[in-house]
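Notes for the structure review
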There are 2 protein chains.
Amino acid sequence: MSTTEARPASLITSLSPSLPPAMQQPQMPLADAIRFLSIDAILRAGEGHQGVPLGMAEIATALFTRHLKFNPDDPTWPDRDRFVLSNGHGSLLLYSLLYLTGYAAIGLDQLKTFRELGSHCAGHPEYEPAHGIEATTGPLGQGIANAFGMAIAEAYLAAKFGSELVDHYTYAFVGDGCLQEGIGQEMISLAGHLRLGKLILCWDDNQITDDGSTSLSISEDVCARFRVGGWHVVEVDGHDLDAVSAALMIARTDPRPSMIACKTIIGRGIERLQGQRGGHSGKLFQADADTARAQLGWTHAPFEVPEDILSAWRAAGRRSHHEHRAWRARVAALPESRRAEFERVQSGALPHGWRDVLDAYRKRAVECDKPQPGIALSGEISDLLVPILPERMVGCADLEAPTGHKRQLHAFTADDRSGAYVHCGVREHLMGAMANGMAAHGGIIATSVTYLAFSDYQRPAMRMAALMGLPVVFVFSHDSIGVGKNGPTHQPVEILASLRAMPNMRVLRPADAVEAAECWALALEHRDGPSTLVFARQALPLVRRTHSAEPLSRRGAYVLAEADGGQRVATLLATGSEVALALQARSQLQDEGIATAVVSMPCWEIFDEQDDAYRAAVLGPGTVRIGVEAALRFGWDRYLGERGGFVGMTGFGASADAYTLFEHFGITAGHVVAEVKRFL
Amino acid sequence: MSTTEARPASLITSLSPSLPPAMQQPQMPLADAIRFLSIDAILRAGEGHQGVPLGMAEIATALFTRHLKFNPDDPTWPDRDRFVLSNGHGSLLLYSLLYLTGYAAIGLDQLKTFRELGSHCAGHPEYEPAHGIEATTGPLGQGIANAFGMAIAEAYLAAKFGSELVDHYTYAFVGDGCLQEGIGQEMISLAGHLRLGKLILCWDDNQITDDGSTSLSISEDVCARFRVGGWHVVEVDGHDLDAVSAALMIARTDPRPSMIACKTIIGRGIERLQGQRGGHSGKLFQADADTARAQLGWTHAPFEVPEDILSAWRAAGRRSHHEHRAWRARVAALPESRRAEFERVQSGALPHGWRDVLDAYRKRAVECDKPQPGIALSGEISDLLVPILPERMVGCADLEAPTGHKRQLHAFTADDRSGAYVHCGVREHLMGAMANGMAAHGGIIATSVTYLAFSDYQRPAMRMAALMGLPVVFVFSHDSIGVGKNGPTHQPVEILASLRAMPNMRVLRPADAVEAAECWALALEHRDGPSTLVFARQALPLVRRTHSAEPLSRRGAYVLAEADGGQRVATLLATGSEVALALQARSQLQDEGIATAVVSMPCWEIFDEQDDAYRAAVLGPGTVRIGVEAALRFGWDRYLGERGGFVGMTGFGASADAYTLFEHFGITAGHVVAEVKRFL
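All values reported here derive from a predicted model rather than from experimental measurement. (Residues numbered from 1 in each chain as written. Chains lettered and ligands numbered in written order. Predicted model: local features only at pLDDT ≥ 70, side-chain atom pairs only at ≥ 80, totals over all residues. Heavy atoms only, no water.)

1. Let's talk about the overall build of chain A
For the record, the criterion: Secondary structure counts use DSSP, requiring at least four H or I residues in a row for a helix and at least two E residues in a row for a strand, with both numbered from the N terminus. Values of the radius of gyration come from C-alpha atoms, whereas the globule rule sets the reference at 2.2 Å times the count of residues to the power 0.38. Exposure categories follow from relative accessible area, calculated using a 1.4 Å probe and restricted to protein chains: below 20% of the type maximum is buried, above 50% is exposed, and the middle band is partly exposed. Should any heavy atoms of two residues lie within 4.5 Å, those residues are considered in contact. Here the Shrake-Rupley method, with its probe set to 1.4 Å, supplies the accessible areas, and only the displayed protein chains count as covering residues. For this count, His and the chain ends are skipped, Lys and Arg are scored as positive, and Asp and Glu as negative. By convention, charge coordinates are those of NZ in Lys, CZ in Arg, CG in Asp, or CD in Glu.
The secondary structure content of chain A amounts to 28 helices and 21 strands. Against the globule reference of 26 Å for 680 residues, chain A gives a C-alpha radius of gyration of 28 Å, in line with a compact fold. With the principal axes as the frame, chain A shows a C-alpha extent of 90 × 55 × 45 Å. Per-residue burial for chain A yields a buried fraction of 69% across its 680 residues. Across chain A, the fraction of contacts at a sequence separation of at least 24, relative to all contacts at a separation of at least 6, is 77%. Working note: accessible area of chain A is about 20,700 Å², and carbon and sulfur atoms make up 51% of it. Between the mean site of the 62 positive side-chain charges and the mean site of the 78 negative ones, chain A shows a separation of 3 Å.

2. Remarks on the interface of chain B and chain A
Quick reminder of the rule: By buried area we mean the combined loss of accessible area, with a 1.4 Å probe, across both parts when two parts are placed together. Salt bridge, as applied in this entry: a Lys or Arg side-chain nitrogen positioned within 4 Å of an Asp or Glu carboxyl oxygen.
Chain B puts 96 residues into the contact, and the matching count from chain A is 96 residues. With both sides pooled, the region where chain B packs onto chain A buries about 7,900 Å², and carbon together with sulfur makes up 56% of that total. On the chain B side of the interface with chain A, the three residues burying the most area are Tyr457(B), Arg463(B) and Phe634(B), jointly 10% of the side's total. The tally of links between chain B and chain A comes to eight salt bridges.

3. So, the UniProt feature "active site" (unreviewed entry) in chain A
Heads up, the rule is: UniProt positions are given in the numbering used here, feature names are shortened, and annotations may be inferred rather than shown by experiment.
Under the local residue numbering, the UniProt record ascribes the feature "active site" (unreviewed entry) to Glu428(A). Since its relative accessible area comes to 2%, Glu428(A) is described here as buried. Beyond its immediate sequence surroundings of up to four residues, Glu428(A) is in contact with Glu186(A), Ala397(A), Thr450(A), Phe454(A), Tyr457(A), Gln458(A) and Glu181(B).

4. A look at unusual backbone geometry
A positive phi angle is found at His478(A), which is not glycine, with a value near 60°. Positioned with a positive phi, Asp398(B) is a non-glycine residue whose angle comes to about 60°. With respect to the helices and strands, Asp398(B) occurs in the loop between β10 (392–396) and α18 (400–403). According to the relative accessible area criterion, Asp398(B) is buried, its value standing at 7%.

5. A look at the UniProt feature "binding site: thiamine diphosphate" (unreviewed entry) in chain A
Annotation from UniProt places "binding site: thiamine diphosphate" (unreviewed entry) at His89(A), Gly138(A), Pro139(A), Leu140(A), Gly177(A), Asn206(A), His280(A) and Phe454(A). The largest pairwise C-alpha distance within this set of annotated residues, which runs over 366 residues, is 34.6 Å, so the set is dispersed in three dimensions. Turning to its location among the elements, Pro139(A) is positioned in the loop between α6 (108–111) and α7 (142–161). According to the relative accessible area criterion, Pro139(A) is buried, its value standing at 6%. The contact partners of Pro139(A), leaving out residues within four places of it in the chain, are Met464(A), Phe454(B), Tyr457(B), Thr489(B) and His490(B). On the basis of relative accessible area, His280(A) is assigned to the buried category, the value being 14%. Ignoring any residue separated from it by four or fewer positions in sequence, one finds His280(A) in contact with His49(A), Gln50(A), Gly51(A), His89(A), Asp210(A) and Ile266(A).

6. Here's the deal with the side chain of Asp479(A)
All names here are of chain A. To keep things clear, this is the line we draw: What qualifies as a polar contact is a pair of N or O atoms within 3.5 Å, subject to a donor-acceptor requirement within protein and to the restriction that residues adjacent in sequence count only when both atoms come from side chains.
Residue position: Asp 479 is located in the loop between β13 (473–477) and α21 (495–500). A residue is classified by how much of its surface remains accessible, and Asp 479, at 3% relative accessible area, is buried. Separated by 2.8 Å, the side chains of Asp 479 and Arg 509 make a polar contact. Sequence-distant contacts of Asp 479, defined by excluding residues within four places in its chain, comprise Leu 452, Pro 492, Arg 509, Val 534, Phe 535, Ala 536 and Arg 537.

7. A short note on the domain arrangement of chain A
Residue and element names in this part refer to chain A. We count it as follows: Start and end points for every domain follow an automatic or database-based domain assignment.
Under the domain assignment used here, chain A contains domain 1 (28–297), domain 2 (354–540) and domain 3 (555–679). The partner domain 3 presents 32 residues to the 27 residues of domain 2 that form the contact. Summed over the shared surface of domain 2 and domain 3, the number is three salt bridges. With a shortest N-O distance of 2.9 Å, Arg 509 and Glu 578 are connected by a salt bridge.

8. Notes on the packing of aromatic side chains
What counts, and what does not: Working definition: a ring pair exists when centres of Phe, Tyr or Trp rings (six-membered ring for Trp) sit within 6.5 Å. Plane angles under 30 degrees give stacked, over 60 give edge-to-face, the rest tilted. A ring is considered to have a charge above it if a Lys NZ or an Arg CZ atom is located within 6 Å of its centre and within 35 degrees of its normal.
Taken as a whole, this structure holds 41 aromatic pairs over all chains when the rule is applied. Consider the rings of Trp636(A) and Phe646(A), whose centres lie 5.8 Å apart with planes at 45°: the pair is tilted. Taken together, the residues Trp636(A) in the loop between β20 (624–632) and α26 (637–640) and Phe646(A) in strand β21 (residues 644–649) connect sequence positions 10 residues apart. Each of the two residues, Trp636(A) as well as Phe646(A), counts as buried. Here Phe64(B) and Phe83(B) contribute two aromatic rings whose centre-to-centre distance is 5.1 Å and whose plane-to-plane angle is 85°, an arrangement assigned as edge-to-face. Separated by 19 residues along the polypeptide, Phe64(B) in helix α4 (residues 57–66) and Phe83(B) in strand β2 (residues 82–85) bring together distant segments of the chain. You can call Phe83(B) buried: its relative accessible area is 5%. Over the face of the ring belonging to Phe161(B) we find Lys160(B), whose NZ or CZ atom lies 5.5 Å from the ring centre.

9. Description of the packing of helix α2 (residues 30–45) of chain B against helix α12 (residues 286–296) of chain B
Residues and elements named next belong to chain B. Threshold: Under this scheme, a helix contributes an axis fitted over its contacting stretch, all axes are lines through C-alpha atoms, and angles between N-to-C directions fall in the 0 to 180 degree range. Our angle categories are set so that under 35 degrees counts as roughly parallel, over 145 as roughly antiparallel, 65 to 115 as roughly perpendicular, and the remainder as oblique. Crossings are classed by handedness, with left-handed meaning an anticlockwise turn of the near helix from the far one by less than a right angle and right-handed meaning a clockwise turn. All residues other than Ala, Val, Leu, Ile, Met, Phe, Trp, Tyr, Cys, Pro, Asp, Glu, Lys and Arg, Gly among them, are scored as polar; the first ten of these are nonpolar and the last four charged.
Their axes nearest at 10 Å, the elements α2 and α12 cross at an angle of 165°. When the axes of α2 and α12 are compared, the pair comes out roughly antiparallel. Read as a crossing pair, α2 and α12 show a hand that is left-handed. For the pair α2 and α12, contact is made by Asp 32, Arg 35, Phe 36, Ile 39, Asp 40 and Leu 43 and by Gln 286, Ala 289, Ala 292, Arg 293 and Leu 296, respectively. Along the lines of polarity and charge, the residues of the contact of α2 with α12 split into six nonpolar, one polar and four charged.

10. A look at helix α17 (residues 374–388) of chain A
Applied cut-off: In this scheme, a helix's expected span is set at 1.5 Å multiplied by one less than its residue total.
The end-to-end C-alpha distance of α17(A), which contains 15 residues, comes to 22 Å, matching closely the 21 Å that a straight helix rising 1.5 Å per residue would cover. What α17(A) keeps buried is the set Gly374(A), Ile375(A), Leu377(A), Ser378(A), Gly379(A), Ile381(A), Ser382(A), Asp383(A) and Leu385(A).

11. Quick word on the pattern of salt bridges
All names here are of chain B. The final tally for this structure, using the stated rule, is 80 salt bridges over all chains. For Glu 400, the salt bridge identified is with Lys 406, shortest N-O distance 4.0 Å. Each member of the pair, Glu 400 together with Lys 406, is buried. Across the salt bridge formed by Glu 518 and Arg 544, the nearest N and O atoms sit 2.5 Å from each other. Highlighted residues: Glu 518 in helix α22 (residues 513–525) and Arg 544 in the loop between β16 (539–540) and β17 (558–561), separated in sequence by 26 residues.

12. Quick notes on the confidence of the model for chain A
As a reminder of what qualifies: For every residue, the predictor states its confidence as a pLDDT score lying anywhere from 0 to 100.
In the predicted model, chain A carries a mean pLDDT of 95, and 96% of its residues have values of at least 70. Model confidence for the complex: the whole-complex pTM is 0.96, and ipTM, which rates the interface, is 0.96.

13. As for the nonpolar core
The criterion, for reference: The criterion is simple. A nonpolar core is a set of buried Ala, Val, Leu, Ile, Met, Phe, Trp, Tyr and Cys residues joined through side-chain atoms within 4.5 Å.
Among the nonpolar cores identified, the biggest contains 354 residues, and Phe148(A) and Phe148(B) are the most heavily contacted of them. Non-local contacts of Phe148(B), meaning those with residues more than four positions away in its chain, are made with Met187(B), Leu190(B), Ala191(B), Leu194(B), Leu196(B), Leu199(B), Leu430(B) and Met434(B).

14. Describing the relation of the copies chain B and chain A
Definition in use: Copy-to-copy alignment: least squares on C-alpha atoms, limited to residues at pLDDT 70 or above in both.
Once chain B has been moved 0.0 Å along the axis and rotated by 180°, it coincides with chain A to within an RMSD of 0.0 Å. The two molecules are tied by a two-fold rotation axis, judged by turn and shift. Among all residues of chain B, the one whose C-alpha sits closest to the rotation axis is Gly182(B), at a distance of 1.7 Å. Both copies contact each other with a shared surface, as 100% of the interface residues of chain B are interface residues in chain A too.

15. What to know about the sheet that holds strand β18 (residues 570–574) of chain B
Residues and elements named next belong to chain B. Just so we agree on the cut-off: A strand pair is defined by DSSP finding two or more bridges across the two strands.
Reading across the sheet, the five strands line up as β17-β19-β18-β20-β21 and stay open at both edges, with mixed pairing between neighbours. Across the chains shown, the open sheet's two edge strands, defined by having one partner strand only, are β17 and β21 (644–649). If you compare each strand with its neighbour and ignore which way they point, the axes differ by 30° on average. Relative to the sheet, helix α23 (residues 578–591) contacts β17, β18, β19 (596–600) and β20 (624–632), its axis offset from that of β19 by approximately 170°. Where helix α25 (residues 612–619) meets the sheet, it contacts β17, β18, β19 and β20, and its direction lies at approximately 25° from that of β17.

16. Observations regarding the sheet that holds strand β15 (residues 531–534) of chain A
Residue and element names in this part refer to chain A. Strand order across the open sheet formed by six strands is β11-β10-β12-β13-β15-β14, with parallel pairing between neighbours. The strands lining the two open edges of the sheet, one partner per strand, are β11 (421–423) and β14 (506–508). Averaged over all pairs of adjacent strands, the angle between their axes in this sheet comes to 20°, without regard to strand direction. Looking at chain direction, β13 and β15 are connected through four bridges and run parallel. Bridging from a neighbouring strand, Phe 474 pairs with Thr 532 of β15.

17. Observations concerning empty space enclosed by the protein
Where we set the bar: Throughout, the protein atoms alone are placed on a 1 Å grid, and a set of points is a cavity if a 1.4 Å probe fits but cannot get out or a pocket if it is open with protein on both sides within 12 Å along at least five of seven lines; lining residues have an atom within 4 Å of a point. Grid points are joined across faces, edges and corners, and a volume is the space filled by probe spheres set on the points.
Summed over the entire model, instances satisfying the criterion amount to 11 cavities of 30 Å³ or more. Of the voids in this model, the largest cavity is the one considered here, and its volume is about 110 Å³. Taken together, 16 residues form the lining of the largest cavity, with Ile183(A), Glu186(A), His429(A), Tyr457(A) and His429(B) sitting closest to its centre. Taken together, the residues of the lining of the largest cavity break down into six nonpolar, four polar and six charged.

Written as structure tokens, this is what we have:
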């Protein structure tokens, strides 16, 4: 075993006395229990990835039987260590561990239905914290970036509530793929910078990826890359349980994030495939299992774990009972208000009266009636939330000034864990997955902010937030050609559509200060999925000119201005900065005797959930309907019907000032009027 | 200056005799011409990013006056060195260089319209190779990854045509942001692995990003990170023109890719802002310009470059005339067939008769009538293209076996530049931008392949391909819940919609072997934008059962099976694997006397370009129209009208075998029949 810096050779030995008793017991083939459960489940399912569960069995055994703080009887214990299987294709490693250590929901019946519909043992781990699955993983790199977010959450909450309440590690298992991905590299760089000492990775260094030898696509010294990033690196034999355990022990004490490079043999135990490309997920046959049983001396029937081994595993699952009880006692002993606050934050509940500040803001906005840049509105609201939602953290990808969400916050740094603002650097993808990790950790309201044009960089993470149903708030500014002179690279035209296309993602695009506050409220109260808040760079005049007790945005779309003088003939449907423009067009149309309503549609997804009658009343069937949005028409037709027109973009933007661009692309009140007349 | 390895201190000196004559001339303030053109243009535009043009002026001067091989009179000279400004916000650096060295289209009129509509001098550089702009840059990291692709293209073409025809460097300027981005890190890793010795980066090491000091978000030694990646690194004072030039000279001879770390002062020359956060893009005032003029002794009026300095720059622009003529002579002297092939490849023209192999494939497919996995069809077609399109390169992100596009190719490696298959590792984002760089370089038909679920990882690069109008072919497999047991992380449901939402991107989803060949042809002949080819993992039965001389897919959508027995009552619109299912449903409906047509819609974008009459004939206005696609409805309504139904997904997928999933989510012929009846 070598470590980053010269350490006395006796260190490992000298640590031994303080190792937990389990480490000094004679070794049972605990790891082989993982191996054979995995082999049996893959054989039964007819497919699966044996490479990880067989290759990392000893590493997992070391972690789960000697280090991991967890309690299968209370899987969501807030102060448990977090464990993320970033190389999620090796899901059977996790399922085997959950069964062996005694998670009630993960019985043999589940392992026997691996990869079948409705099984907890899905092809890749699917976020189920109640059953020990801390994150959905599979798309490579996401898991380690989630773990990074969890480690930040831990550090922040520890600073806030004290280490008697929050003091845990975050472990992640990681394969070569996760580290080749850019998001993995972003994580290495920022985790080292922030000195996240309680983040510990175990790298499955098996020198094999799906294509074959890692030498096909990488030749750098991965350990050296981590060292450059400021990590503590230990290199061990990944099949030597004691060595791995000792490395974990050292890692836990090092102030830097740790990477334990575990040399392993992929698919170890399957003679025909181990150490080879086919070890990853090559098809297993009964003969492979039979040979493995003979060679490893595992005489038990499929899915049978002998009593002594199962007992040892279950004992490992009870290892932290004492700590768990002590922690519960400490919580119970807290002063009432402090306990209530801790429990509130952990539960994700918003504090009593949280809405008041937003309602007051809405009211004030109507009184002030001052056009303001959209993103500045969000910044103001964010400022107001700081004192009432101390559990909110904000990540930003090197656009602090133009997005303006830091003012009332200070930075989370290596030296100051009380800061709620994470300078992510120009690393959007990591930022998104970090927010997911924070949300999955719990105790944090995770938000991030950057330009909408760069949302594509974090889109894979946003998809994971949607898939996991995590309440992350993704904030974006500079939402259209209103960006102006920076040009088409920075001007979203298709991105609203691409985000609206994502299942379980709410996309909110407020039209003014009032809707901005309403949409922030909708995002905060949405607990079973992420929200995307989209703001203009340019100034938004007030379109909601009278205060309403009811936040009108909460039905997703609403009639902002009903037609005057007779039955509605035309309906203008608009979002964001184009709502004001629709109001101008309505005014012209009304002057010409065309009874026109304006509908503001800040959130399609919520509107789609309303009853038919409401939707019909808003949309005005039979009227000419014109969508108005400085974006592409894609997706709008569902609301426009067959007498429907659209005023917006038809392709990418251009470099010029915003005013010129709106004229150039014909997104003007005049064009809206013309479009209505074309359909009359 | 320090280099990666110990070098004799005398090396730089000893290189001097071989330096080009320009290096030994007394220095004129050539760099200041860049500075003041940039200051003047930014002042006039009222905004812009002075940090890069002022901070990198000497670096650019060293490169353009002493090393870069280029010819402003023939900007697209195939063997020119490529130059990419990856930190594209510093666009005025590039525009100033183009003006100074004599690109005809970039006159002072253009600099004076910086950031105005229609100017060549847009906010960020926009791909215009005819005017010296080699890539659209702005979203950070894309440019260096494009440069990486260009360097691969050069190496491949050099291996193919010989160094007398292809022998140039690729230079890129890069800021901190590009290197923080994951894609930048992916590039470092793979470029070092592939030993792209003719790729040379100049890093603007100014220690400032938009948020302020780089120390807010990074503390690693960037040079060390490159060294770990196998790069040759030289560290110089970026304001010492001779030192930079010497470093470039060394870099050109090193067999490794080179990174020249240039210590610079951001915004150098603007006393009030230089070296500070505001140096990046803080607003400039007339007083700043006046002070700079006084301090730097630049006595000339705005936009005025004195004759001697302009002459020197123009002379630099003529530096490669001799090489250019010699190269043209070598091309002219080539044997006719070889010259024709070289010129064909450079022009992007497809070879005579290229379609024949695809037509033969279509014919054979009808005769064989054998269901095959969608992606296997693409693999077969790819194999057939190998001998006729030797200029085609394929990148793959560690999914060689399941995507099957390598069989007839061998790998492009550090030791073998003749390979057309790039093992990208698990680095999808780099892969996409690499393909863009290859296409922008010219001479290469750039394709990439991975799973559709991972397209989000390369989406930012796909957007750039669309924006630049590059003819890249993005191939994806595993296009729906047909993926099966790997589960929802790997099952696209929203991705077709999100790609169809992208302007200037053709999305093609073939239904069978015949359409697969037709769609490949459409992608290959599409020269002014990228194409996305999407294939099922599961077997696709033949739906086109008779050979047609005309490739029916070429109108985007077509009536595959017209209604029998009277006027069409229902129209089933389907794509890809669901076309076969629509045919089954049609059969049941016809049996019940409901005259039903099936329309196959492999490419919406092409269909949208057809005339109204054709579109109406296909869509069948007045009929009940049902969309059938194993994806979300988002985007479909434009074709369905108000009596329109849809059979597809309503959210994310699940982990189970494909057959079970199609049943579970109700994507069956029976449901299509029921949906038709619901609207009748």
